[in-house]
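One letter stands for each residue in the lines below.
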Amino acid sequence: MFDSEEESAFVILTAPMYHPHHYGGGGIGGIYSQPASYGKKNGVWYASPGNQGWGSGAGPARLGRKPSVTEVDNMPSGSLKPSAGRVIRIINSHDHSVQCRVLLNLRTSQPFEEVLEDLGQVLKMIGAKKMYTSNGQEVRSFSQLRNEFAEVETFYLSNTPSLPVGALGPGVIPPSPGRRSRSRLGGSVPDDLSKTTARQRARSKSRPRVLYAPENELVRASSDYPLLDAMKEEPTRITIRGLRRTFYPPLHHPPIDNAPPDKKLSLFWVHGYRGIDSKRNLWVLPSGELLYYVAAVAVLYDREEDAQRHYTGHTEDIMCMEVHPSRELVGSGQRAGRDRKSQAHVRIWSTESLQTLYVFGMGELDSGVIAVAFSQLNGGSYILAVDAGRESILSVWQWQWGHLLGKVATLQEGIWGATFHPLDDNLLITHGRGHLAFWHRRKDGFFEKTDIIKPVRLHSSVISPSRTFVTCVQFEPDGDVITADSDGFITIYSVDADGAYFVRMEFEAHNKAISCLVMLSEGTLISGGEKDRKIAAWDSLQNYKRITDIKLPESAGGVRSIYPQRPGRNDGNIYVGTTRNNILEGSLQRRFNQVIFGHGKHLWALAAHPDDEVFATGGHDKYVALWRRQKLIWTTSVGYEIIALAFHPYGAALAAGSSEGHLIVINAENGATMLTIRVCGSPLNAVEFNQVGDMIAIGSQNGSIYLFRVSRDGFSYKKINKIRGSQPLTHLDWSSEGNFLQSVTVDFDLLFWDVKSLSPEKSPIAMKDVKWMTSNCTVGFLVAGLWNNRYYPAPSNTIITTTARTAAQDLVAAGDADGYLRLFRYPCITPRAEFTEAKVYSGTLAAVKFLYGNHSLVTVGGTDASLMIWELTEE
């Protein structure tokens with residue numbers, strides 16, 4: 001009957017056995033057998049043919065089943081498939097003489113509570129609510145009937161909230177109200193349970209005694225969240241990096257909702273500045289706003305209003321940018337991504353409206369755009385672009401019409417930049433590693449090349465020129481070319497009467513590389529040193545006599561870009577972008593002040609404050625910073641590369657894990673380092689406090705979890721022990737009661753750990769109903785829909801690197817290795833789950849956290865050290 005997917009809630013095979021003084025029957029021994037005459041199918045009661053109800057003399061009713069009553073009655077319960085159904089005996093706990101054997105269909109979609117009520121009607125019991133085993137354990141689901149009580153045949157029904165004392169016979173004490181029965185049996189154990197209990201204990205020494213979670217760890221049924229049929233819901237299987245992984249459904253969870261969330265992601269603030277690996281990338285607009293870029297976002301920052309605007313038209317990291325001569329338009333080029341939407345191209349957009357005006361280069365540019373520049377003489381009608389591909393193709397476009405005016409393969413591997421000559425729109429200059437060349441574009445679109453720096457030949461072999469790397473180019477008012485190189489020299493090239501360029505003068509300006517040159521309106525040349533951190537001023541009208549210089553502090557980094565604060569004014573005030581991702585303001589006559597702070601190296605660590613809109617970040621630059629939305633509160637140098645952070649539940653202490661195996665405890669009020677503990681010799685990838693804050697778990701690259709007892713509001717630590725593992729761990733979650741941990745390995749295996757027994761938990765089924773305090777682990781049944789989603793762009797082999805859940809447990813955010821930030825409803829179970837997304841990173845999105853109040857979230861990008869705040873707004 002079960003092969004036909006019958007949906008009956010239960011079917012009675014033999015009639016109840018009634019005591020004669022209740023029903024006046026006869027029969028052998030005062031008890032007679034009355035065959036069943038009804039069942040329930042598809043939620044509707046029906047009567048068997050030829051029988052009306054409970055007739056006193058009716059013969060056995062077959063109910064359309066192949067086996068006879070006698071055959072099924074004599075069939076052992078173990079002979080049926082567990083996934084189909086099983087035969088059990090139910091007894092009225094108030095009157096043990098009323099009992100019967102029934103066959104339960106475990107495939108039913110009917111809630112377990114309704115099945116109990118139906119069984120109660122069979123025993124003439126109104127409103128049956130509870131089912132117990134013969135030793136007083138409460139049965140709450142079909143899952144328990146199939147697994148935990150697979151060999152138990154007799155069960156008692158009760159219509160009261162608790163089982164009356166003595167209802168199961170003498171010597172059996174019923175469980176206390178409101179407390180879930182344990183799989184570890186207490187008191188006398190009946191013979192029919194002894195074998196089952198012994199088998200359960202023999203499976204694993206580390207297996208917990210509670211097979212199902214305690215009552216306070218279960219999501220209770222309500223009108224909003226009806227109970228699902230746990231036996232009908234199959235385990236979820238997903239493929240990660242070619243391997244299949246299985247996750248088991250909890251007994252209680254909210255219903256599946258694949259609709260997109262009712263919130264959308266709106267970029268609110270971008271912290272930091274990309275100076276670590278970029279070139280000229282800082283400007284001041286006529287509005288007074290600072291213009292720069294971070295990851296795939298162009299940032300327009302108004303210092304007076306303390307407000308930001310963002311251009312988010314790019315889908316991959318911005319590689320280069322240039323402001324139009326009108327200073328009202330911007331041209332920016334991006335690197336190529338993996339899909340058609342993220343091809344390398346150049347975008348022209350308005351600084352006023354932030355609207356994209358023109359896009360060109362789609363399909364023409366290869367792996368990225370390493371340089372863009374506008375022409376000067378014709379008012380910026382032309383724009384050049386240099387492709388990052390193998391041939392380093394230089395192309396010129398009339399961007400208003402999208403016309404390609406000409407292109408040429410430069411065949412230079414180390415091009416660093418390109419620009420138009422200010423007095424000739426058909427003369428272009430490219431520079432880079434051992435390379436400085438002029439390109440004259442003819443009317444037919446072909447280019448004529450003139451090498452200014454020529455390789456020196458010695459014994460028929462080519463050696464590098466004296467100036468190995470031309471880092472930047474600037475111009476004198478009369479058109480002479482000024483270059484700076486990686487050896488710290490500034491060179492001025494003039495042109496003779498025949499049009500040939502020659503070196504007019506050359507001098508050493510800095511120790512090693514010069515990163516930028518800026519010619520001010522009064523003829524002062526400003527140069528910035530990347531290695532020596534010096535900014536120097538030179539008088540071009542007096543044969544480049546040094547005027548003055550100033551050295552930036554070591555914490556700020558070297559000079560990356562310089563731009564006047566008030567272009568056209570002779571006040572000497574400048575902005576400086578540094579190689580440690582900071583922006584400073586000042587002049588050569590006074591000190592420099594920090595305008596924007598950014599982490600100077602890879603940024604991986606992020607933690608949100610438990611009861612305030614405050615968050616902390618830590619990076620490979622050995623700095624930890626505390627932020628309140630767009631405000632920097634403090635920064636502190638801790639001496640170690642930080643890769644994990646966690647706030648103590650009281651919010652006063654901040655724990656940081658380092659790549660060298662140290663745990664650093666920081667005072668969250670002022671950033672003072674309070675304690676440094678050497679935990680192990682491997683990186684501490686995950687640091688998490690339990691809910692009450694008296695323990696901290698530290699997941700290590702060596703695969704072990706280290707446990708410390710915590711006191712004094714998070715400022716005192718004592719090592720308890722460690723749980724040994726073998727696979728490197730990346731994320732950790734505490735259970736709500738603090739008895740278990742779950743972790744994710746670098747191979748995306750989900751592991752469970754018993755904190756009390758200090759051992760790995762080898763049975764994922766035993767842990768499926770545990771409620772977790774956070775959702776840091778990127779794999780699991782309730783987040784399985786984040787993987788292999790059918791709506792992801794191709795190729796869809798997405799790797800989820802970070803997740804976070806709101807305190808209300810209604811939303812989950814996920815970041816992946818391709819830089820996507822996505823927002824789903826929680827739980828996210830199926831690959832059909834829809835989402836809202838944003839794409840502002842090219843590399844791995846390292847961490848995401850919801851801030852207190854769940855109105856905003858924070859993301860950090862690993863390699864580009866970008867830090868962004870997103871607001872959750874109504875869809």
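So, how was this worked out
- Residues numbered from 1 in each chain as written.
- Predicted model: local features only at pLDDT ≥ 70, side-chain atom pairs only at ≥ 80, totals over all residues.
- Heavy atoms only, no water.
- Helix = DSSP H or I, 4+ residues; strand = E, 2+ residues; numbered from the N terminus.
- Buried < 20%, exposed > 50% of the residue type's maximum accessible area, 1.4 Å probe, protein only.
- Contact = heavy atoms within 4.5 Å.
- Pairing = 2+ DSSP bridges.
- UniProt positions renumbered as here; feature names shortened; annotations may be inferred.
- Salt bridge = Lys/Arg side-chain N within 4 Å of Asp/Glu carboxyl O.
- Phe/Tyr/Trp six-rings, centres within 6.5 Å; stacked < 30°, edge-to-face > 60°.
- Lys NZ or Arg CZ within 6 Å of the ring centre and 35° of its normal.
- Axes fitted to C-alpha atoms, helices over the stretch in contact; angles between N-to-C directions.
- Polar contact = N/O pair within 3.5 Å; in protein donor to acceptor, adjacent residues only side chain to side chain.
- Disulfide = S-S within 2.5 Å.
- pLDDT = per-residue confidence, 0-100.

Student: Teacher, can you tell me more about the overall build of the chain here?
Tutor: Counting its regular elements, the chain contains five helices and 64 strands. The proportion of buried residues among the 875 residues of the chain is 56%. Contacts spanning at least 24 positions in sequence make up 50% of the contacts within the chain whose residues lie at least 6 apart.

Student: How should I be thinking about the pairing of strand S42 (residues 603-608) in this particular structure?
Tutor: For a regular strand, side chains alternate in direction, first toward one face of the sheet and then toward the other. Pairing analysis gives five bridges linking S42 to strand S43 (residues 615-619), with the strands arranged antiparallel. Looking at the pairing, leucine 606 lines up with threonine 617 of S43. Hairpin connection between S42 and S43: a loop of six residues separates the two successive antiparallel strands.

Student: I keep staring at the UniProt feature "repeat: WD" (unreviewed entry) in the chain and nothing clicks. Help me out?
Tutor: Within the UniProt annotation, "repeat: WD" (unreviewed entry) is assigned to residues 507-539 and 596-627. Secondary structure across residues 507-539 divides into 0% helix and 61% strand, with the first and last C-alpha atoms of the span separated by 13 Å. Secondary structure across residues 596-627 comprises 0% helix and 53% strand; the distance between its end C-alpha atoms is 12 Å.

Student: I would appreciate a short explanation of the pattern of salt bridges in the present structure.
Tutor: Once the charged atoms of two side chains with opposite charge are near each other, the side chains can pair. Taken as a whole and judged by the stated rule, the model has 27 salt bridges. A salt bridge links lysine 263 to glutamate 874; its shortest N-O distance comes to 2.7 Å. Here glutamate 874 lies in strand S64 (residues 867-874) and lysine 263 lies in strand S11 (residues 263-271), a separation of 611 residues in the sequence. Using a relative accessible area of 23% as the deciding quantity, one classes lysine 263 as partly exposed. On the accessibility criterion, glutamate 874 (53% relative accessible area) is exposed.

Student: Would you explain the packing of aromatic side chains in this entry?
Tutor: For any two aromatic rings, the description comes down to two numbers: the centre-to-centre distance and the angle of the planes. Here the structure, examined in full by the defined rule, presents 20 aromatic pairs. Ring centres of phenylalanine 507 and tryptophan 538 lie 5.0 Å apart, and the angle between their planes is 55 degrees; on these two criteria the pair is classed as tilted. Of the two residues, phenylalanine 507 is situated in strand S33 (residues 501-508) and tryptophan 538 in strand S36 (residues 534-539); the sequence distance between them amounts to 31 residues. In terms of burial, phenylalanine 507 and tryptophan 538 fall into one category: buried. Above the ring of tyrosine 792, the side-chain terminus of arginine 822 is found at 4.0 Å from the ring centroid.

Student: Is there a simple way to think about the pairing of S33 in this case?
Tutor: Alignment of strand S32 (residues 489-495) against S33, held across seven bridges, turns out to be antiparallel. Note on S33: the bridge partner recorded for tyrosine 493 is valine 503. Connecting S32 to the antiparallel partner S33 that follows it, the hairpin turn spans five residues, and glycine 499 within it adopts a positive phi of roughly 85 degrees.

Student: Would you mind going over the sheet that holds strand S31 (residues 481-485) with me for this structure?
Tutor: Sheets are built from strands paired through backbone hydrogen bonds, the pairs being either parallel or antiparallel. The four strands are arranged S30-S31-S32-S33 in an open sheet whose pairing can be described as antiparallel. The strands lining the two open edges of the sheet, one partner per strand, are strand S30 (470-475) and S33. Neighbour to neighbour, the strand axes of the sheet diverge by 25 degrees on average, direction disregarded. Note that S31 and S32 share four bridges and pair antiparallel. When the sheet's bridge partners are listed, threonine 483 is paired in S32 with threonine 491.

Student: Just to check I follow, could you spell out helix H3 (residues 112-122) for this structure?
Tutor: Residues separated by three or four positions in an α-helix point in the same direction, a consequence of the helix having 3.6 residues per turn. Buried residues of H3: Phe112, Val115, Leu116, Asp118, Leu119, Gly120 and Val122, and no others. Once H3 ends, the next one or two residues include lysine 124, with phi positive near 60 degrees.

Student: Any chance you could explain the sheet that holds strand S60 (residues 820-825) here in plain terms?
Tutor: Spatial ordering of the open sheet is given by S58-S59-S60-S61, a layout of four strands whose pairing is antiparallel. Only two strands of the sheet have a single neighbouring strand rather than two, namely strand S58 (800-805) and strand S61 (836-839). When strand polarity is set aside, the average angle formed by the axes of neighbouring strands in this sheet is 15 degrees. As judged from the five bridges shared by S58 and strand S59 (residues 811-816), these two strands associate in the antiparallel manner. When the sheet's bridge partners are listed, threonine 802 is paired in S59 with glycine 815.

Student: Honestly, the environment of alanine 838 in this entry has me stumped. Any pointers?
Tutor: Tracing the chain through its elements places alanine 838 in strand S61. Its relative accessible area of 12% is what places alanine 838 among the buried residues. Apart from the residues within four sequence positions on either side, alanine 838 is in contact with Leu265, Gly819, Tyr820, Leu821 and Trp870.

Student: Whenever I open this one, unusual backbone geometry confuses me. Can you help?
Tutor: One can expect most non-glycine residues to show negative phi and most peptide bonds to be in trans. Residue proline 827 is reached from tyrosine 826 by a cis peptide bond, and omega for that bond is 0 degrees. Looking at the secondary structure, you find proline 827 in the loop between S60 and S61. Here the phi dihedral of asparagine 854 falls at roughly 60 degrees; this positive angle occurs in a residue that is not glycine. For asparagine 854, the location among the structural elements is in the loop between strand S62 (845-850) and strand S63 (856-861).

Student: I keep staring at the environment of threonine 430 and nothing clicks. Help me out?
Tutor: Here threonine 430 shows up in strand S25 (residues 424-432). Side-chain polar atoms of threonine 430 contact the side chain of histidine 435, separated by 2.7 Å.

Student: Quick question: what am I supposed to make of the environment of threonine 806 here?
Tutor: With respect to the helices and strands, the residue threonine 806 is situated in the loop between S58 and S59. We classify threonine 806 as buried; its relative accessible area is 2%. With 46 residues separating them in the primary sequence, threonine 806 and tyrosine 852 have C-alpha atoms 9.0 Å apart.

Student: I keep staring at the state of the cysteines and nothing clicks. Help me out?
Tutor: Where two cysteines share a covalent bond between their sulfur atoms, that bond is called a disulfide. For the structure shown, the criterion picks out zero disulfides. Left without a disulfide partner, cysteine 516 is nearest to the cysteine sulfur of cysteine 472, which lies 6.5 Å away. Looking at cysteine 516, the relative accessible area reads 7%, which means it is buried.

Student: I'm lost on the confidence of the model for the chain in this one. Help?
Tutor: Segments scoring low in pLDDT should not have their predicted coordinates read at a detailed level. Counting all residues, the mean pLDDT for the chain is 81, and 81% of those residues have values of 70 or more. Confidence drops under pLDDT 50 across residues 1-82; counting only partners more than four residues distant or on other chains, this segment forms 151 contacts. Overall, residues 176-232 carries pLDDT values under 50, and its contacts beyond four positions in sequence, including any with other chains, amount to 104 contacts.

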